[in-house]
Every structure is written in C-alpha cells, then in structure tokens.
Amino acid sequence: MRIIKLDAIDSTNAYLKKLSVDGHVEDGLVVLAKFQTHGRGQMGTIWSSQEAKNLTFSVFKDVSFIPVNRHFYISIAVSLAMYEALNSLGLKGVKVKWPNDILSDNKKIAGILIENVIKMNVISGSVIGIGLNVNQTDFKDLPSASSLLLLTGYVQNLDEVLDVILRQLTVYFEYLKNEDYHNLKSKYVAQLFRKNKPSTFKSAEGLLFSGYIVGISEGGQLLIKVEDDVIKSFDFKEVVLMY
Ligand code: BTN
C-alpha cells in the first residue's frame, strides 16, 4: 500500500478527492497528514486534532464492485475494521454509534467520513477518511471525546496503529468482495452502541422521543422500536441519539 505522508494539508479527504479526479490514485492509496487546517467531519462539522498527536488519514478504495443499494456496507466494513483494530490495541468497551462513530467507554475516539468520487455519473471510488485520537490528552471543548492514551494509559506509536487499522481494512474489504453482507450486518448490529437499551432521540423537527435501537435496515437506516412496539426507520439526517 502506497502511503503519502504530508506535514500539513487542509483535509486529507479533500486532497485525496482532488488526486482521484486527476486520475493519480490506485486502490488502497493512503494520504496521511500530521496536521489538517480544515479537517472535515460529518454533516459539515469540523474535525480538530492536535498536530502530530493523532491519526488523520484517508484511503482511496475502488468500490465499483459494490451495488449502489449496498453502499452502506462500506460504512459497515470500515466501522468494523476500526472496531477490530481498537480491540486488538487493548481498548475496552468499543462500540459503533450509528452510523459510524467509534466509541470506547461511552466516549468518541474516532470519526469516519466516507465521500464518494463520482466520474461520468458513476461512483468510481470512495475516499474513506478516518480521524483517530491517539496520544492527545486535552479535549477541553469536547467533553465526550477521548483518546487511546487516556483510555489505556499507553502512548502509542502512530505508524504501528496505522498499520493495524490498514490490515483490518483489508480484511473487511475482503468480506465486501466476497459479498458476505449477512455476516457484515450481523457483526455490525452486534456492536451497536445502546442496542436494546431505553434511549432518548431527537427528530429532525426537534422533538424528543423514547425508544430502543433494534438494528439497521438493508439501506443502513437506523431501526428504532418506539411505543406500541412499532419499529420505525430513520435516515442519518432524521434522528440524533441524545442518551
Ligand atoms: C466525524 O466523526 O464527524 C468524521 C470525522 C472524520 C475526520 C477525518 S480526519 C481525516 C479525514 N480528513 C478529513 O478532513 N476528515 C477525515
């Protein structure tokens, strides 16, 4: 796997997307930055990360073999790869908060931003952006964030952690290549944060409601059991898990 290491860039996702438009990418190409000046999070948020303390990188993957109606399985595969990698690094209580936040001890330690590269109306590849808090200890404006160091007590070597993650990504992309969707989905649902626990959600209209996360639909929507045992499905922008 080719790895391009940069000292600073606006966003590794933005950089890799530009490279892919120019055709300068191959399956598995990684772009890693010690610092991002405009790190991007989901839904237009900012991903901030102290310089040289954490991993901020993006991987280009050929996803042409995945049917469009199965695209949520990319998110599943990446989440599970992170789940396995963090478990093997000794982290306890790792969970996946739908759709793809990675938590440990109820704290967010990694975020994933997957952006499709569309050429001539077809999805030619995916840019998989991963931000993992590794050796940062100060999260003063982010009370629900944590890092590998805070949770395990050990300073980690960034290259070694990257290697563990890239290996797991390869493993989970094999599941995708083998069309092992059933297995991927059941592994993902088994790790879902707050599954089968009474939880409070906020709808897009700002209304609070109670329910239980019971799984995900084939398209990746979150399935919540609400009152009278009715199961409703929600898209990413339609619901926020409050607690
Ligand atoms: C989120 O949880 O909101 C997703 C965060 C994704 C952050 C990573 S850091 C590397 C890559 N480049 C970016 O600009 N964003 C992703």
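Our subject is the structure listed above.
For clarity, every value in this text was computed on a predicted model and none was experimentally measured.

Colleague: I'd like a description of the site of the ligand, backed by residues and values.
Modeller: The local shell around the ligand holds 21 residues, among which Ser 11, Gln 36, Arg 40, Gln 42 and Lys 108 are the closest. Between Thr 12 and the ligand, the recorded distance is 3.0 Å, taken from a side-chain N or O atom to a nitrogen atom. Contact distances for the ligand include 2.7 Å between an oxygen atom and a backbone N or O atom of Arg 40. If the ligand stood free it would expose 410 Å²; the protein chains cover 98% of that surface. Counting residues per element, the ones that place at least two in the shell around the ligand are α1 (12-21), β3 (55-61), β6 (107-119) and β7 (122-132). A total of four residues in the shell around the ligand trace back to one element, the largest contributor, which is β6. Within the shell around the ligand, the residues separate by chemical class into five nonpolar, 13 polar and three charged.

Colleague: Help me get a handle on the environment of Leu 149, residues and values and all.
Modeller: Residue position: Leu 149 is located in helix α3 (residues 148-152). Measuring from C-alpha to C-alpha, the distance between Leu 149 and Asn 133 comes to 8.4 Å, with 16 residues separating the pair along the chain. The residues touching Leu 149, leaving out its near neighbours within four places in the chain, are Val 134, Asn 135, Thr 137, Tyr 154 and Val 155.

Criteria and cut-off values
Residues numbered from 1 in each chain as written. Predicted model: local features only at pLDDT ≥ 70, side-chain atom pairs only at ≥ 80, totals over all residues. Heavy atoms only, no water. Near = heavy atom within 4 Å. Polar contact = N/O pair within 3.5 Å; in protein donor to acceptor, adjacent residues only side chain to side chain. Areas by Shrake-Rupley, 256 points an atom, 1.4 Å probe, with all protein chains shown as cover. Helix = DSSP H or I, 4+ residues; strand = E, 2+ residues; numbered from the N terminus. Nonpolar A, V, L, I, M, F, W, Y, C, P; charged D, E, K, R; others polar. Contact = heavy atoms within 4.5 Å.

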